[in-house]
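Okay, here's what each chain looks like letter by letter:
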Amino acid sequence: MNATGAIAAAVVPAAGRGERLGPGAPKALRDLGGVPLLVHAVRALTRSRAVGLVVVAAPADGVAEVVALLDSHGLEGKDIRVVAGGDTRQESVRLGLAAIPAEVGIVLVHDAARPLVPVEVVDAVAAAVRAGAEAVVPAVPLADTVKRVEPVRGGPEPVLDTPDRATLRAVQTPQGFRRDTLAEVHAKALAEALAEESAGAGGALPPVTDDAGLVERFGGRVVVVPGHEEAFKVTRPLDLVLAEAVLARRRAADAY
Ligand code: CTP
Ligand code: MG
């Protein structure tokens, strides 16, 4: 792989509404310690020497606002592009990926909703792809025991079984990919969705909630590297409380 191919580009899906966080601005634009979540996430990526370009998939009606926001938070000197995202996370990633120049060989995908990912995780994921993996996910062991259930609205829900916790991992982002692999699985997923739609058979397959899941679905090989507890996703209000606390601790440590 040549030198250009070894520098990664990052896609940041940021077009979600943040419904589980409650009423307010789109989640990526919500405040964390005076700075929007998206700005934290983009900064975490630009801090990595492995990343040369960041493409943000913004809410479709918020592209200009996101461009202005990134500029006003000191990111104007970085190579950052903003495109309109889609109706699903998968579509937002696909649209972001399409904006990456052809010569870029490694692509990371990082949720705007994971603002506090340490740069070491970004570096480790990019390094694992550079070292030859086609798909890499950072992950952490689970604290809770997990049960599979037969979903029943309002419960009680019959338990089917209890997977061995030692074999389970909670996966985070950034996930890293060979660019050709990621583009191929996204194209296949789109073709599959269109075929399902025209056959009137939507929803036959379980939804894939991350990019590595698409690689698995089409027979590719995904490996896990250590993630970090601070790379958690801001999903519900309590996650924002935790994120504020982590950020305050970091700022206090930096002040020493
Ligand atoms: N995302 C996106 N485009 C969508 C939906 C989600 O780019 N159509 C992004 C979100 O902005 C977020 C990431 O995908 O950075 C992970 O999704 P999630 O945590 O589910 O965020 P939201 O979809 O915004 O939240 P919710 O599901 O609670 O509405
Ligand atoms: Mg969502």
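Look a little higher up for the structure.
What counts and what doesn't
Residues numbered from 1 in each chain as written. Chains lettered and ligands numbered in written order. Predicted model: local features only at pLDDT ≥ 70, side-chain atom pairs only at ≥ 80, totals over all residues. Heavy atoms only, no water. Near = heavy atom within 4 Å. Polar contact = N/O pair within 3.5 Å; in protein donor to acceptor, adjacent residues only side chain to side chain. Areas by Shrake-Rupley, 256 points an atom, 1.4 Å probe, with all protein chains shown as cover. Nonpolar A, V, L, I, M, F, W, Y, C, P; charged D, E, K, R; others polar. Helix = DSSP H or I, 4+ residues; strand = E, 2+ residues; numbered from the N terminus. Buried < 20%, exposed > 50% of the residue type's maximum accessible area, 1.4 Å probe, protein only. Contact = heavy atoms within 4.5 Å. Axes fitted to C-alpha atoms, helices over the stretch in contact; angles between N-to-C directions. Parallel < 35°, antiparallel > 145°, perpendicular 65-115°, else oblique. Left-handed = near helix turned anticlockwise from the far one by under 90°. Pairing = 2+ DSSP bridges. Expected span 1.5 Å × (residues − 1). Arc of directions from axis to C-beta.

A. Broad picture of the site of ligand 1. Within the structure, ligand 1 sits among 18 residues, and Pro13, Ala15, Glu19, Ser92 and Lys233 are positioned closest to it. The contact in question runs from an oxygen atom of ligand 1 to an N or O atom on the backbone of Ala112, over 3.2 Å. Burial of ligand 1 by the protein amounts to 86% of the accessible area it has alone, namely 570 Å². Of the residues in the shell around ligand 1, the class split is five nonpolar, five polar and eight charged.

B. Structural context of the side chain of Ser48. With respect to the secondary-structure elements, Ser48 resides in the loop between helix 2 (37–46) and strand 4 (51–58). Under the relative-accessibility criterion, Ser48 is labelled buried at 2%. A polar atom in the side chain of Ser48 sits 3.1 Å from the backbone nitrogen of Ala50. Leave out the neighbours within four places in its chain, and Ser48 touches Val119, Val122 and Asp123.

C. Spatial organisation of the packing of helix 4 (residues 89–97) against helix 6 (residues 179–198). Their axes nearest at 11 Å, the elements helix 4 and helix 6 cross at an angle of 130 degrees. Put simply, helix 4 runs oblique to helix 6. The way helix 4 lies across helix 6 gives a crossing that is left-handed. Contacts from Gln90, Val93, Arg94 and Leu97 of helix 4 reach helix 6 at Arg179, Leu182, Ala183, His186, Ala189 and Leu190.

D. Broad picture of the pairing of strand 6 (residues 106–109). The alternating pattern of strand 6 places Ile106 and Leu108 and Val107 and Val109 on opposite faces, both of which are buried. Pairing of strand 1 (residues 8–13) with strand 6 involves four bridges; the strand directions are parallel. Paired with Val11 across the strands is Val109, a residue of strand 6. Pairing geometry for strand 6 and strand 11 (residues 175–178), over four bridges, is antiparallel. Pairing of Ile106 across the sheet is with Arg178, part of strand 11.

E. Broad picture of helix 6. Taking 1.5 Å of rise per residue, 20 residues should cover 28 Å, and helix 6 covers 29 Å from first to last C-alpha, within 8% of that figure. When we look at burial in helix 6, the residues that qualify are Arg179, Thr181, Leu182, Val185, His186, Ala189 and Glu196. End-on, the buried residues of helix 6 take up no more than an arc of 165 degrees, which puts them together on one face. Residues of helix 6 that are buried make contact with helix 4, strand 6, strand 11 and helix 7 (211–217). Looking one or two places after helix 6, you find Gly200, whose phi comes out positive at around 65 degrees.

F. Up close: the environment of Val171. Its location among the elements puts Val171 in strand 10 (residues 169–171). The class of Val171 is partly exposed, set by a relative accessible area of 36%. In this structure, the C-alpha to C-alpha distance between Val171 and Ala143, residues 28 residues apart in sequence, is 13 Å. For Val171, the residues in contact, after removing those within four places along its chain, are Arg114, Val137, Pro138, Ala139 and Asp210.

G. Spotlight on the packing of helix 2 against helix 3 (residues 63–75). Taken N-terminus to C-terminus, the directions of helix 2 and helix 3 make an angle of 60 degrees; their axes are 10 Å apart at the nearest point. Considered as vectors, helix 2 and helix 3 are oriented oblique to each other. Of the two possible hands of crossing, helix 2 and helix 3 adopt the one that is right-handed. Contacts from Leu38, Val39, Val42, Arg43 and Thr46 of helix 2 reach helix 3 at Val66, Leu69, Leu70, His73 and Leu75.

Distances and angles like these do not, on their own, reveal function.
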